[in-house]
Amino acid sequence: MSSAGIFRARLELLRSGGLASVCAAIAILAQPVPAVAQSRNADKELEDLIPDSALDNPEAWAGDTDAARTPVPDIASIESPDTLAPMSAMPEIALPWPDETDLPAIQPLTPDPDIALAEEQAKQAGQLLDTAVPEGESSAKAQIANAAIVKVGNQVELAFPPDAALPERDAIAARFGGLSNLKALDDNDDNLAQLTRRAKEDIDLLQQVMRVYGYYDAQVIQSIAGIERPGEGGAASGQRARVDVNKAVVRFDVIPGPQYKLAKIDLGDIAQAADAARLRAAFKLNSGDPVNSDRIVEERTHLDTALGETGYAFAKVGEPELTIDHEPRTGDLAIPVTTGGTYAFGRIVSSMPKFLSGHHLEEIARFEPGDLYKRSLVDDLRQAVLATGLVSSVTVKAREATAASLGQPGTVDIDVDITKAPLRTIAGLIGYSTGEGVRLEGSWEHRNLFPPEGMLRVRGVLGTREQLAGVTFRRNNFWGRDQVLTADLYAQTRDTDAFNARTASFIASFERQTTLLFQKPFVWSVGLEAVATSELQDAAAANTPRTTYFIGAIPLSAQFDDSDSLLDPKKGFRVGLRLSPELSVQDGTKSTYLKAQFDASAYLPVAGKVVLAARTRLGTIQGTDLANIAPSRRFYAGGGGSVRGYGYQAVGPRDASNNPTGGRSLAEFSLEARVKTGLVGGAVSVVPFVDAGSVGTGGTPTLSGLQVGAGVGLRYDTNFGPIRIDVGTPLNRRKGDSRIGVYVALGQAF
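Reference entry: report on the structure contained in this document. (Residues numbered from 1 in each chain as written. Predicted model: local features only at pLDDT ≥ 70, side-chain atom pairs only at ≥ 80, totals over all residues. Heavy atoms only, no water.)

**A few points about the sheet that holds strand β12 (residues 330–334)**
Across the sheet, 3 strands lie side by side as β9-β12-β11; this open sheet has mixed pairing. Strands at the two margins of the open sheet, each flanked by one partner only, are β9 (261–266) and β11 (321–325). Mean inter-strand twist for the sheet, computed between neighbouring axes without regard to direction, equals 20°. The sheet contact formed by β9 and β12 spans 4 bridges and is parallel. In the sheet register, isoleucine 265 faces β12, and the bridge partner there is leucine 333. (Pairing = 2+ DSSP bridges. Helix = DSSP H or I, 4+ residues; strand = E, 2+ residues; numbered from the N terminus. Axes fitted to C-alpha atoms, helices over the stretch in contact; angles between N-to-C directions.)

**Considering the side chain of serine 350**
By secondary structure assignment, the location of serine 350 is in strand β14 (residues 343–350). Among the polar contacts listed, one links the side chain of serine 350 to the backbone nitrogen of methionine 352, at a separation of 3.1 Å. Side-chain polar atoms of serine 350 contact the backbone oxygen of leucine 356, separated by 2.6 Å. For serine 350, the contacting residues outside a window of four places in its chain are Leu356, Ser357, Gly358, Leu361, Val416 and Ile418. (Polar contact = N/O pair within 3.5 Å; in protein donor to acceptor, adjacent residues only side chain to side chain. Contact = heavy atoms within 4.5 Å.)

**Some points on the pairing of strand β28 (residues 610–622)**
Bridging between strand β27 (residues 589–606) and β28 involves 13 bridges; their strand directions are antiparallel. Residue pairing across strands places lysine 595 opposite isoleucine 621, the latter belonging to β28. With antiparallel pairing between neighbouring strands as the criterion, β27 and β28 make up a hairpin whose turn holds 3 residues, including alanine 607 at a positive phi of roughly 60°. Sheet topology note: the β28/strand β29 (residues 665–676) ladder contains 11 bridges and is antiparallel. Across the sheet, the residue bridging to arginine 615 is serine 670, located in β29.

**Observations concerning the packing of aromatic side chains**
For the structure shown, the criterion picks out 12 aromatic pairs. Summarising the aromatic geometry, the rings of phenylalanine 314 and tyrosine 343 are spaced 5.1 Å apart at their centres and angled 90° between planes, so their arrangement reads as edge-to-face. Within this pair, whereas phenylalanine 314 is found in the loop between α12 (293–308) and β10 (316–317), its partner tyrosine 343 is found in strand β14, the two being separated by 29 residues in sequence. Judged by centre distance (5.9 Å) and plane angle (35°), the ring pair of phenylalanine 560 and phenylalanine 573 falls under tilted. Here the residue phenylalanine 560 occupies a position in strand β25 (residues 556–561), and phenylalanine 573 occupies one in strand β26 (residues 572–586), the gap between them amounting to 13 residues. Among the residues examined, phenylalanine 560 registers a relative accessible area of 36% and is labelled partly exposed. Taking the relative accessible area as the measure of exposure, phenylalanine 573 reaches 35% and is therefore partly exposed. Members of the aromatic cluster, joined through ring pairs, are Phe478, Trp479, Phe510 and Trp524. Over the face of the ring belonging to phenylalanine 689 we find arginine 644, whose NZ or CZ atom lies 4.0 Å from the ring centre. (Phe/Tyr/Trp six-rings, centres within 6.5 Å; stacked < 30°, edge-to-face > 60°. Buried < 20%, exposed > 50% of the residue type's maximum accessible area, 1.4 Å probe, protein only. Lys NZ or Arg CZ within 6 Å of the ring centre and 35° of its normal.)

**Description of the sheet that holds strand β15 (residues 391–402)**
Strand order in the open sheet formed by 3 strands is β14-β16-β15, and the pairing between neighbours is mixed. Where the open sheet ends on each side, the last strands, each with one partner, are β14 and β15. Adjacent strand axes in the sheet meet at a mean angle of 25°, parallel and antiparallel pairs treated alike. Summarising the sheet, β15 and strand β16 (residues 410–420) pair through 10 bridges and their orientation is antiparallel. Pairing of lysine 397 across the sheet is with aspartate 415, part of β16.

Structure representation (structure tokens):
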């Protein structure tokens, strides 16, 4: 096929219509030959573009176009640029030179205060920093010359300007040390990347700490010492430096800058309160004082406390808002305060009046209707209700009963919403000591069988030397807070080296108690005791009849406690006195006497981890001979709570069978050192001790026949007090004394 035929066939396809034809035509144009059937049925648009004449004679049609009729210039006749005719001369344009023109005056820009502040800080930093870097030490950081260094860890130190007035420096270092990631991970084997990351975090932390104390423009520069340089420590020249993790020290150079001051202080409604001056005085921050976030929080608490303790039952103290202005370097403080008026206490309303009545709760409370409202007394009531052990949860809220008016306080009732706790308890106790043997004790109790707070307990004891069965009634918070009425009826047998007694006893007492939750400096007790006891001195012959005693007593006691803990005192002292006037009837013979006992102990902390503790006890029975006193009512010494190393009641006069007889006088002394060991998180202590005691048949305490025991003990601290294990030995052992005494109990020996 000729070229004209191919061209015609391709044009025919273009006219055949649509996109498919165009694509087919393109495919044919890409091939050299195939014959294509002609078709003259095409779209109108294609026929206008390619007429039938173009199909009949493509070459003629192509030659009959405007492009074909335009002559083609002779390229050879075109002149080179060098021979082109010169352009006609352009008109002259004259512009004045800039220095000959009067330009409008440009007003200088006002300096950005932040930029100016940054420039000033940089200038101050440049004056404080020794920027000289020794040759070859290109990785060294700029540091403060002659800086005051504060170590906050084995591998962390802070550097402050030597002459800077920074009274908070120690506080800043202590706070940073308590939060620092580097300090917390002092002994970790970090690589350079880990060390650098933690150092970067600590830079941000240190700047935050500085802001707490009002240094908002502080700069912190961090550097690391202890890096092996190329050529040092065996590292080849050019080799990457590495950190010796055991020697690396991260240093933070701190440039504190100026301390910001308080400008305006807004305390909300305080100014409108009747006692505004007193309330404002409770907030001990004023304009011109340094901006200190800790002080702001502390004084906000003081203000809140002052409001709550002076009748403002519904006062609200919002969160502080501090606005910092970097231009004058000041801070504006706003604390939203709403006082709400003053109130007095009204009634107490219980959510369960048959369980714990409102009247009984008023006996517990330390306020009466009409007293000025105090928030601390409301909190105290909540704790006292929890301390009864009868409730699992309690909510105490003030509710407006009478609105406050101008100049007159309103009245608030106190709503106490309580949830019962389990009221029945089964308890058991097991103990052992040399001389007393094994002792098992069990009890069942219902703590509110006789509301309010009327407890009934049934108990029993089975032991090597003692058996007991008894029932006890107790009413807590009787006629006042922490006052207890107790009635106890029991039957008991006791078999000791000194006597054998079969006893029935009834004891009633009314006392003011101290508790683990509310330890009181002064407590007292008054009681009534009726005892019938059949006793036999152990030395008596087998056919000797038992002696029966009927005893009536009025036991009295008082104690002043200045120590810091009931179970584990570390400082302070205690002083106590017991008096018991007694009447004893024995085979128709009446005897009256006074039994008195004085106790004192003192506790002195030494060197942080050592507490020295000392105790003395003196006792006397005046008014009758020893023979008229039942053996169970005499003084004895020896055992875990007395002279350790000796058996129970083993110290004192003995009969012909070498058994203790007891006496009319008593003297005991103890000294021990309670040393924290750091074992088990500091819970274990070692306690060396020495005890001494004597019992006399006369009425005056004496050191004659003083027996001395010494030993060592262990204490394991728990959340309810220390567990005590003591091992002692008598230093002047007599015939019949054991070489070793072991004692296990809860709480310190004294």
